[in-house]
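Structural overview
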Amino acid sequence: MGGPSAEREVSLSSGRECAKALAGEGYEVIEVDAGPDLAMRLSEISPDVVFNALHGRFGEDGVVQGMLEWMRLPYTHSGVLASALAMDKQRTKDVLRAANLPVMDSQIVARDDVARAHVMQPPYVVKPNNEGSSVGVYLVMDGANSPPLLGPEMPDQVMVETYAPGRELTTTVMGDRALGVTEIITTGWYDYDAKYKPGGSRHVIPADIPAEITQACLDMAIAAHRALGLRGLSRSDFRWDDTRGLEGLVMLEANTQPGMTPTSLAPEQAQAAGISFGALCRWMVEDASCDR
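Now for a quick tour of the structure. (Residues numbered from 1 in each chain as written. Predicted model: local features only at pLDDT ≥ 70, side-chain atom pairs only at ≥ 80, totals over all residues. Heavy atoms only, no water.)

1. Here we look at the pairing of strand β4 (residues 157-162)
For strand β1 (residues 106-110) and β4, the ladder comprises five bridges, and the chain directions are antiparallel. Pairing of Gln107 across the sheet is with Val160, part of β4. Pairing of strand β2 (residues 124-128) with β4, which is carried by five bridges, proceeds in the antiparallel orientation. By the bridge assignment, Val126 is partnered in β4 with Val160. (Pairing = 2+ DSSP bridges. Helix = DSSP H or I, 4+ residues; strand = E, 2+ residues; numbered from the N terminus.)

Right, dumping it as structure tokens:
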């Protein structure tokens, strides 16, 4: 848990919740804040299983997974290749597109070019290509006279993506099962605060949407999980323009390590499917392995 990424605080919250739940399930749990001495700490502890509650770079992008493979320590979530692939938003889109899943057009552009002038017709979104939790997301709407003023958290190369209008939907996949569809309702953009601060958003599960849209989300989430080679728990995010029916549904991205905080979506969907938080964490431990 923890680690050095921009999502450190979310990871610490996820880790604390999972550790508490796993202790309640009868496991002996040791919490490790991932730092430069992580390999040494794990060697000293010699755990039966590593529950990976890291988010963002180094913990979700194949880096720590490679270390765990080298040490032959069974771990949760996706393996090296799938983690690295899904963390790269542009390459993820290439795979999803090849699997006939609908995604928005996007390009990788130097941040200086993005700050100088519009690189595509508004509305569009600017985001890092390899971060999560809506870290560093800039929305440029119709009529914007100037490009966005990017903050210091943005890397030298960023993704610029055509804005997808509509309602925010998400589906969790647990192994080979899609758990349900949640609609996320906010007063504005579903940003970092909306995701993680109490009251930042309202989750409606099951989403009040037509049956064909529900089924499409379930099918697409499983298809994305398989196409990217994901393992364990994943969550796919969608936007749905309800004025266009099924054609208005697009996939935004797939998350290899969904948040496990008190306001997180995956545990809520599991709960709605009759799976308690403790049982979900237990399943993830029992599912852990090397060679993922």
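2. Points about unusual backbone geometry
Here the amide bond leading from Pro122 into Pro123 is cis, since omega sits at 5°, within 30 degrees of zero. Note that Pro123 resides in the loop between α6 (111-116) and β2. Cis geometry is found at the peptide bond from Ile205 to Pro206, where omega equals 0°.

3. Observations concerning the nonpolar core
Burial of nonpolar side chains together is a common tendency in soluble globular proteins. In terms of nonpolar packing, the biggest core is built from 27 residues, with Leu169, Phe238 and Leu249 touching the most fellow members. Secondary-structure elements contributing two or more residues to this core are α4 (80-87), β5 (167-174), α8 (211-227), β9 (233-240) and β10 (249-255). For this core, the element with the most residues is α8, which contributes eight residues. In this structure, Leu169 is in contact with Val181, Thr182, Glu183, Ala207, Ile209, Ile213, Cys217, Ser236, Asp237, Phe238, Trp240 and Leu249, ignoring residues within four places of it in sequence. (Core = buried A, V, L, I, M, F, W, Y, C linked by side-chain atoms within 4.5 Å. Buried < 20%, exposed > 50% of the residue type's maximum accessible area, 1.4 Å probe, protein only. Contact = heavy atoms within 4.5 Å.)

4. Some points on the packing of α4 against helix α5 (residues 89-98)
To describe two helices that pack against each other, one gives the angle between their axes and the distance between the axes. Direction vectors running N to C along α4 and α5 enclose 105°, while the axes themselves pass 5 Å from each other. With respect to each other, α4 and α5 are oriented roughly perpendicular. Contact residues: α4 offers Leu85, Ala86 and Met87, while α5 offers Lys89, Arg91, Thr92 and Val95. Each residue belonging to the contact of α4 with α5 can be placed in one class, and the counts come to four nonpolar, one polar and two charged. (Axes fitted to C-alpha atoms, helices over the stretch in contact; angles between N-to-C directions. Parallel < 35°, antiparallel > 145°, perpendicular 65-115°, else oblique. Nonpolar A, V, L, I, M, F, W, Y, C, P; charged D, E, K, R; others polar.)

5. Looking at the sheet that holds strand β3 (residues 138-140)
Strand order in the open sheet formed by four strands is β1-β4-β2-β3, and the pairing between neighbours is antiparallel. Of all the strands in the sheet, just β1 and β3 have a single pairing partner and so form its edges. Here the average twist between neighbouring strands, direction ignored, is 25°. Here three bridges tie β2 to β3, and the two strands are oriented antiparallel to one another. Across the sheet, residue Tyr124 finds its bridge partner in β3, namely Val140.

6. Here we look at the pattern of salt bridges
Summed over all chains, the structure comprises 16 salt bridges. Between Arg72 and Glu69 there is a salt bridge; the shortest N-O distance is 3.2 Å. Arg72 sits in the partly exposed class, given a relative accessible area of 46%. Because the salt bridges share partners, they merge into one network encompassing Glu69, Arg72 and Asp291. (Salt bridge = Lys/Arg side-chain N within 4 Å of Asp/Glu carboxyl O.)

7. What to know about the environment of Leu233
One can find Leu233 in strand β9. Judged by relative accessible area, Leu233 falls into the buried class, the value being 1%. Distance in space between the C-alpha atoms of Leu233 and Leu280 is 9.4 Å, their sequence separation being 47 residues. Beyond its immediate sequence surroundings of up to four residues, Leu233 is in contact with His77, Thr172, Val173, Met174, Asn255, Thr256, Pro258, Met260, Ala266, Leu280, Trp283 and Met284.

8. Things to note about the environment of Leu218
With respect to the helices and strands, the residue Leu218 is situated in helix α8. Using a relative accessible area of 17% as the deciding quantity, one classes Leu218 as buried. Taking the C-alpha atoms as reference points, Leu218 and Leu179, separated by 39 residues in sequence, lie 7.8 Å from one another. Residues within four places of Leu218 in sequence aside, it is in contact with Thr171, Ala178, Gly180 and Val181.

9. Examining the pairing of β5
In terms of residue burial, β5 counts as a mostly covered element, since seven of its eight residues are buried. In terms of strand pairing, β5 meets β9 through eight bridges, oriented antiparallel. By the bridge assignment for β9, Arg167 is matched with Trp240. Note that β5 and strand β7 (residues 182-185) share three bridges and pair antiparallel.

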